[in-house]
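Coordinates in review
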Amino acid sequence: MKYISTRGSAPALGFEDVLLTGLAPDGGLYVPETLPRFTQEEIASWAGLPYTILAFNVMYPFVEGSIPENDFRLMIDETYAVFDHTAVAPLVQLDQNEWVLELFRGPTLAFKDFALQLLGRLLDHVLKKRNERVVILGATSGDTGSAAIEGCKHCDNVDIFILHPHNRVSDVQRKQMTTVLGDNVFNIAIEGNFDDCQQMVKDSFNDQSFLSGTRLVAVNSINWARIMAQIVYYFSASLSLGGPSRSVSFSVPTGNFGDIFAGYLARNMGLPINQLVVATNKNDILHRFISQNDYKLEGLHHTLSPSMDIMVSSNFERLMFDLYGRDGLALAGQMEAWKKQSGAIEEYRWLAARKLFDSCSVNDDRTCEVIKEVFDQTEYLIDPHTAIGVEAARICRRDGSIPMVTLATAHPVKFPEAVEKSGVGITPELPHHLADLYERKESYEVLPNNLSEVHAYVVKHRRS
Ligand SMILES: *Cc1c(COP(=O)(O)O)cnc(C)c1O
């Protein structure tokens, strides 16, 4: 499988190099040159398979030629064995023909574990084979950092440094990162905000000379391997609900557009998906684009669903690439034009997206109301991100006879503020495997908002 850049002028790469690269040198994102396509008979024959076998069937075409079949099977088995439910991604019914897909059964209680647990193992495999070491540098406002640390803590050839804004992540989120005490795990609290952290990571990727030759690897959601791992649960949900002979719709709480883009790929690989709902919070640029063909940047709003507080959704470019007929140079022109002045794209391109996508933006007050409504209807507690997905699903649904599945992206215990504000009157509890989180020893370094001090720290502590 070859991967090409969405901006059309970077060389094509194989899976291994895409795994170890962030942005393409032309500023684009890597996508498969051609998608694998499965027949309806083939998909139907996967009904009832364990999640791990399904995952192998769906993902193997993407890594073929790079990762031997048996190694990949083993990695997948290990990855999903750390989840606390044997179905891995279980479905829960909310109402007639309405479901949530629980994607928070992994070690850090958010869907990012699906990809980052696998990413850590893929990196380990590839780096051992090449006898290479890398440094991972990432910034997090919450969920990504802990999932990346959990995913990479056993990787011998990786040192991982995660920056978070000092005193600006929740206690649960901080402890999920800082209580992982591996030789290769370094948490840095920056005296600044999330944007400062992210800027430092960007600057470090642009000039990696401080590492004198060691490669820097990105674990943010532009990494192709993360998207790939997220395709699988669309297949598993559909197969549980009568697919592929019956089509299914999904509503996806959206920030960087990675998770919902995986659903779009599942459909292009042959899975009958009727409708994809982009659910956003007050940061609604994607909602304005989908509903009105208006792509305009606004300032960042802080909401009760912080994992979706994003101004520019990086993976959206991967959809745009298809809307531009996979013409990278034309897309590069549009992306440059959007930098100067945002606005609409040609109507026919936008209409092509509208065939599949609907969207909705949900504010904080309504998010809390939905948590309460769902709890009153079912005694099932959802987190604020999931609540936005459920509301969007209910508002945008086109056809009540088609099952609607909302992706439950996080466990409510991670977001106690929204749960409390909703007035459900209960406090969510940590699952067993994290029950002693508050007693665990923490370790992190507080550093000033200064790039050279961060670089000095990384150089001093990395193991090679
Ligand atoms: C990361 C995250 C999202 C957004 O996912 P994208 O792939 O960035 O669109 C939604 N909900 C939760 C809980 C998350 O952690």
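In case you missed it, the structure is sitting above this.
All of these numbers come straight from a predicted model, not from anything done at the bench.

Conventions used here
- Residues numbered from 1 in each chain as written.
- Predicted model: local features only at pLDDT ≥ 70, side-chain atom pairs only at ≥ 80, totals over all residues.
- Heavy atoms only, no water.
- Salt bridge = Lys/Arg side-chain N within 4 Å of Asp/Glu carboxyl O.
- Helix = DSSP H or I, 4+ residues; strand = E, 2+ residues; numbered from the N terminus.
- Buried < 20%, exposed > 50% of the residue type's maximum accessible area, 1.4 Å probe, protein only.
- Phe/Tyr/Trp six-rings, centres within 6.5 Å; stacked < 30°, edge-to-face > 60°.

Another aspect to go through is the pattern of salt bridges. Counted according to the given criterion, the structure contains 35 salt bridges. Close ionic contact of Glu16 with Arg130 constitutes a salt bridge, the shortest N to O distance being 3.0 Å. Residue Glu16 is found in helix H1 (residues 15-19), and its partner Arg130 is found in helix H5 (residues 112-130); the two are separated by 114 residues along the sequence. Owing to a relative accessible area of 25%, Arg130 belongs among the partly exposed residues under this scheme. Arg133 is paired through a salt bridge with Asp159; the nearest N and O atoms lie 3.5 Å apart. Taken together, the positions of Arg133 in the loop between H5 and strand S5 (134-139) and Asp159 in strand S6 (residues 158-165) put the pair 26 residues apart, joining distant regions of the chain. Since its relative accessible area comes to 1%, Asp159 is described here as buried. Within the structure, one salt-bridge network assembled from shared partners comprises Glu16, Asp17, Lys129, Arg130, Glu132 and Arg215.

Turning to the packing of aromatic side chains, a few remarks are in order. Given two aromatic rings, their pairing is described by the distance between the two centres and the angle made by the two planes. For the coordinates displayed, the defined rule picks out 29 aromatic pairs. Centroid distance Phe161 to Tyr457: 6.3 Å. Interplanar angle 90 degrees. Geometry classified as edge-to-face. One end of the pair, Phe161, is in strand S6; the other, Tyr457, is in helix H18 (residues 451-461), with 296 residues separating them in the sequence. What makes Phe161 buried here is its relative accessible area of 0%. The buried category is assigned to Tyr457, whose relative accessible area is 11%. By way of ring pairs, the aromatic residues Phe257, Phe261, Tyr264, Phe289, Tyr295, Phe316, Trp338 and Phe357 are connected into one cluster.

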